[in-house]
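Fold and geometry: a report
What follows is each chain in one-letter form.
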Amino acid sequence: MPALAQPAPLFVLNSLDANVSVINPLTWTETKRIATGKEPHHIYLTPDEKSVIVANALSDTLTFIDPKTAEVQRVIPGILDPYQLRFSPDMKWFVTAANRLNHIDIYRWDGSNITLVKRVATGKTPSHLWIDSKSTTVYSTMQDSDELIALDLSTQTIKWRTATGSIPADVYGTSDDKLILVGLTGGDTVEVFDVSGKLPQRTRVIKTGAGAHAFRALGDGRHVLVSNRVANSISKIDLQTLSVVDSYPAPGGPDCIEISRDGKLIYVTSRWARKLTVIDMASRKVVRQVNVGKSPHGVWTLDHAPR
């Protein structure tokens with residue numbers, strides 16, 4: 001009999017330990033720790049799907065890791081304060097948000113290397129990024145000035161900025177590019193902005209739970225999850241009705257979310273408990289917790305549901 005293929009590992013970024021926990025999803029054990037730079041917060045897959053990039057904010061580096069073998073491939077230095085990172089859908093742009101240094105960097109991506117095109121001063125504390133499906137606009141929350149901004153990718157200039165509620169964190173765009181959702185970590189709601197016109201309009205406020213923070217599309221084309229860090233829960237939002245339709249317990253200060261390939265399990269980092277928490281969606285119960293490092297933030301696996 002041929003050997004069964006090994007499942008892809010789960011990666012959990014331990015922000016205060018400067019490393020990444022590698023977890024086997026069959027045995028639910030941590031198999032190793034990968035040393036990175038200081039303060040790894042977020043992780044993103046390269047367009048060719050051959051590497052995942054860990055952004056090390058305080059070390060000004062990017063660590064490229066093989067998503068199947070969990071081996072370090074290379075480290076790119078000189079990337080100033082890469083707190084958040086994202087590739088554009090057309091795979092031509094790579095964008096980082098410098099949460100500590102108050103700018104957004106726009107790079108060209110040639111399939112292997114990144115070249116800085118423009119450093120855009122944004123004001124206080126750019127946090128999370130979203131790029132529209134046409135690869136024309138970058139949206140970023142500004143967590144200390146309570147704003148949402150839009151940048152034009154072709155000109156690398158700010159198109160507009162608008163006020164939000166308290167401490168905006170993650171940002172999520174609908175597939176038709178008409179709506180942008182913003183999680184308010186300083187409150188208990190998600191704000192919805194219509195960005196289809198020349199200027200944005202706030203059209204809806206969805207009550208989720210205290211500390212609304214990070215989004216993850218469910219993969220069904222209709223729903224998105226948001227972690228509520230203070231309420232210790234995850235809300236399921238229907239993007240057609242713009243309302244909460246379900247809720248899941250998520251202890252320990254839930255942060256970033258990943259979904260198993262079969263869509264049955266939620267993986268969420270429990271920021272204050274040093275654990276990866278696994279939630280069964282059908283029963284709405286925590287079914288497992290895995291010990292990881294200090295202040296776990298980003299979580300990711302190649303064996304994930306569609307985004």
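We now turn to the structure provided with this report. (Residues numbered from 1 in each chain as written. Predicted model: local features only at pLDDT ≥ 70, side-chain atom pairs only at ≥ 80, totals over all residues. Heavy atoms only, no water.)

**Side note on the side chain of serine 15**
Position of serine 15 among the secondary structure elements: in the loop between strand S1 (10–14) and strand S2 (19–24). Classification of serine 15 by relative accessible area gives buried; the value is 2%. Separated by 3.1 Å, the side chains of serine 15 and histidine 41 make a polar contact. The contact partners of serine 15, leaving out residues within four places of it in the chain, are Glu39, Pro40, His41, Arg271, Lys294, Ser295 and His297. (Helix = DSSP H or I, 4+ residues; strand = E, 2+ residues; numbered from the N terminus. Buried < 20%, exposed > 50% of the residue type's maximum accessible area, 1.4 Å probe, protein only. Polar contact = N/O pair within 3.5 Å; in protein donor to acceptor, adjacent residues only side chain to side chain. Contact = heavy atoms within 4.5 Å.)

**Details of the pattern of salt bridges**
Pairing between side chains becomes possible if they bear opposite charge and their charged atoms approach one another. Evaluation of the coordinates by the stated rule reveals 17 salt bridges. The shortest N-O distance in the salt bridge between arginine 33 and aspartate 17 comes to 3.7 Å. A residue pair is termed long-range when its members are at least 10 positions apart, and arginine 33 in strand S3 (residues 29–35) and aspartate 17 in the loop between S1 and S2 qualify at 16 residues. Of the charged contacts in the structure, one is a salt bridge between lysine 32 and glutamate 71, with a shortest N-O distance of 3.2 Å. You can see lysine 32 sitting in strand S3 and its partner glutamate 71 sitting in the loop between strand S6 (61–65) and strand S7 (72–77), a full 39 residues away along the chain. Given a relative accessible area of 45%, glutamate 71 falls into the partly exposed group. (Salt bridge = Lys/Arg side-chain N within 4 Å of Asp/Glu carboxyl O.)

**Comments concerning the packing of aromatic side chains**
The full count for this structure, using the stated rule, is nine aromatic pairs. An angle of 40° between the planes, with centres 6.0 Å apart, marks the rings of tyrosine 44 and phenylalanine 87 as tilted. Separated by 43 residues along the polypeptide, tyrosine 44 in strand S4 (residues 40–45) and phenylalanine 87 in strand S8 (residues 84–87) bring together distant segments of the chain. On the basis of relative accessibility, which here comes to 5%, the residue phenylalanine 87 falls in the buried class. A centroid spacing of 6.1 Å and a plane angle of 40° characterise the contact between tyrosine 172 and phenylalanine 215, whose relative ring orientation is tilted. Note that tyrosine 172 is positioned in strand S16 (residues 168–173) and phenylalanine 215 in strand S20 (residues 212–217), a separation of 43 residues in sequence. Judged by relative accessible area, phenylalanine 215 falls into the buried class, the value being 9%. Chaining the aromatic ring pairs together yields one cluster made of Tyr44, Phe87, Phe94, Tyr107 and Trp109. Directly above the aromatic system of tryptophan 93 lies the positively charged group of arginine 108, at a separation of 3.8 Å from the ring centroid. (Phe/Tyr/Trp six-rings, centres within 6.5 Å; stacked < 30°, edge-to-face > 60°. Lys NZ or Arg CZ within 6 Å of the ring centre and 35° of its normal.)

**Side note on the sheet that holds strand S19 (residues 201–207)**
With respect to topology, four strands assemble into an open sheet ordered S16-S17-S18-S19, the strand pairing being antiparallel. Two strands lie at the open edges of the sheet, namely S16 and S19, each paired on one side alone. Shown here is a sheet whose adjacent strand axes are inclined to one another by a mean of 25°, direction ignored. One ladder, built from five bridges, connects strand S17 (residues 179–184) with strand S18 (residues 189–194); its direction is antiparallel. Bridge pairing links glycine 183 to valine 190 in S18. (Pairing = 2+ DSSP bridges. Axes fitted to C-alpha atoms, helices over the stretch in contact; angles between N-to-C directions.)

**A few points about the environment of aspartate 176**
Within the secondary structure, aspartate 176 is located in the loop between S16 and S17. Each C-alpha atom, one on aspartate 176 and one on aspartate 132, is 8.8 Å from the other, the two residues being 44 residues apart in sequence. A polar side-chain atom of aspartate 176 sits 2.7 Å from a polar atom in the side chain of threonine 174. Here lysine 178 takes part through its backbone nitrogen, which lies 3.0 Å from a polar atom of the side chain of aspartate 176.

**As for the pairing of strand S14 (residues 147–152)**
Most of S14 is tucked away: six of the six residues are buried. Sheet analysis places strand S13 (residues 137–142) next to S14, joined by six bridges and oriented antiparallel. In the sheet register, methionine 142 faces S14, and the bridge partner there is glutamate 147. Between S13 and S14, which follow one another and run antiparallel, lie four residues, and aspartate 146 among them has a positive phi close to 55°. Where S14 and strand S15 (residues 157–163) come together, six bridges link them in antiparallel fashion. Directly across from aspartate 152, in S15, lies its bridge partner threonine 157. Where S14 folds back onto S15 in an antiparallel hairpin, the turn is made up of four residues, including glutamine 156, whose phi is positive at roughly 55°.

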